[in-house]
Amino acid sequence: MKPTRHLLSLSGGKDSAALAIYMRDRVPDMEYIFSDTRKELPETYQYLESIEDYLGKRVHRLNADLGFDHWYDVYGGMIPSNHRRWCTKMLKLKPFEAHVGDDPVLNYVGLRADENRSGYISHKPNITPVYPFQEDGLKLPDIERILRDSGVGMPPYTKWGRSRSGCFFCFYQQKIEWVRLKETYPDLYEKAKAYEVPFEGSGNTFTWSERESLSELERPERMQAIKEEYERRRLARERRSDGLTLAQVFAGDGDEPEGDACLICTL
């Protein structure tokens, strides 16, 4: 019988980073992996290096030979969306399951005790999910403390207002995050915009942001309106926050796509 492998998928987000730190001395033979789409933010790669320094162990990069553009071509130039998430399937789930193979695996997932999200990343019978934060009752303040005490800190992209890990053109971004991407990384914004071309299968043009092209969104008057609306919502949330943390106050501004991003992408 094959020995059970212990595996933790890092996304570049705060929860998976905190879980890696939390489990380092609890499971010394843990395998750490990261599914690289080749379209990550520069800060994500920087953050992974900081995590590796703390762990004293290399984070194995999956999908090193096939990135987003390969599958974009395979799907005929159709960009992914909440309703056609081929990116999650081909760039996250498939490489993960290929890496696991048929070995018995305990996969450690960074869902917190204060989260209601569900939906495990794989249904293969040899993969068993483990939720240490939920089992131990750890909530958002605990995750922030773990990151702070370790010296790893929060993901660097949070400094300019990005709330999640994932590709720089992730369709789960809020409108305000597209504005911030435009202001912080105008070159990446242009690269994202270049994907918004007519789909050869139908002639329709798909957009990253719900019901609005990036060319429309980047108009100065539109960007200003998004900022003003975000600030209005932020202040309203703050007034009724009743003791919530800042991260909870800022969680969503009403313009994000429906549904939840895959756990393997965002934790």
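Being a predicted model, the structure only gives us computed values, none of them experimental.

Rules and cut-offs
Residues numbered from 1 in each chain as written. Predicted model: local features only at pLDDT ≥ 70, side-chain atom pairs only at ≥ 80, totals over all residues. Heavy atoms only, no water. Helix = DSSP H or I, 4+ residues; strand = E, 2+ residues; numbered from the N terminus. Buried < 20%, exposed > 50% of the residue type's maximum accessible area, 1.4 Å probe, protein only. Pairing = 2+ DSSP bridges. Axes fitted to C-alpha atoms, helices over the stretch in contact; angles between N-to-C directions. Contact = heavy atoms within 4.5 Å. Arc of directions from axis to C-beta.

Looking at the side chain of S11
Next up, step 1: Looking at the secondary structure, you find S11 in the loop between β1 (5-10) and α1 (14-23).
Next up, step 2: We classify S11 as buried; its relative accessible area is 1%.

A short note on the sheet that holds β1
Next up, step 1: One open sheet holds the five strands; their spatial order is β3-β2-β1-β4-β5, and the pairing between them is parallel. At either margin of the open sheet sits one strand with a lone partner, and together these are β3 (60-62) and β5 (127-130). Pairwise comparison of adjacent strand axes, ignoring direction, gives a mean angle of 35 degrees for this sheet.
Next up, step 2: Its contacts with the sheet put helix α4 (residues 86-100) on β1, β2 (31-35), β3, β4 (105-108) and β5, and the angle it makes with β1 is roughly 160 degrees.

Regarding helix α6 (residues 140-150)
Next up, step 1: Among the residues of α6, L140, I143, I146, L147 and S150 are the ones counted as buried. Viewed end-on, α6 has its buried residues packed into an arc of 120 degrees, placing them on one side of the element. Relative to its buried face, α6 has exposed residues pointing more than 90 degrees away, namely R148 and D149.
Next up, step 2: One or two steps after α6, the chain reaches G151, where phi turns positive at roughly 90 degrees.

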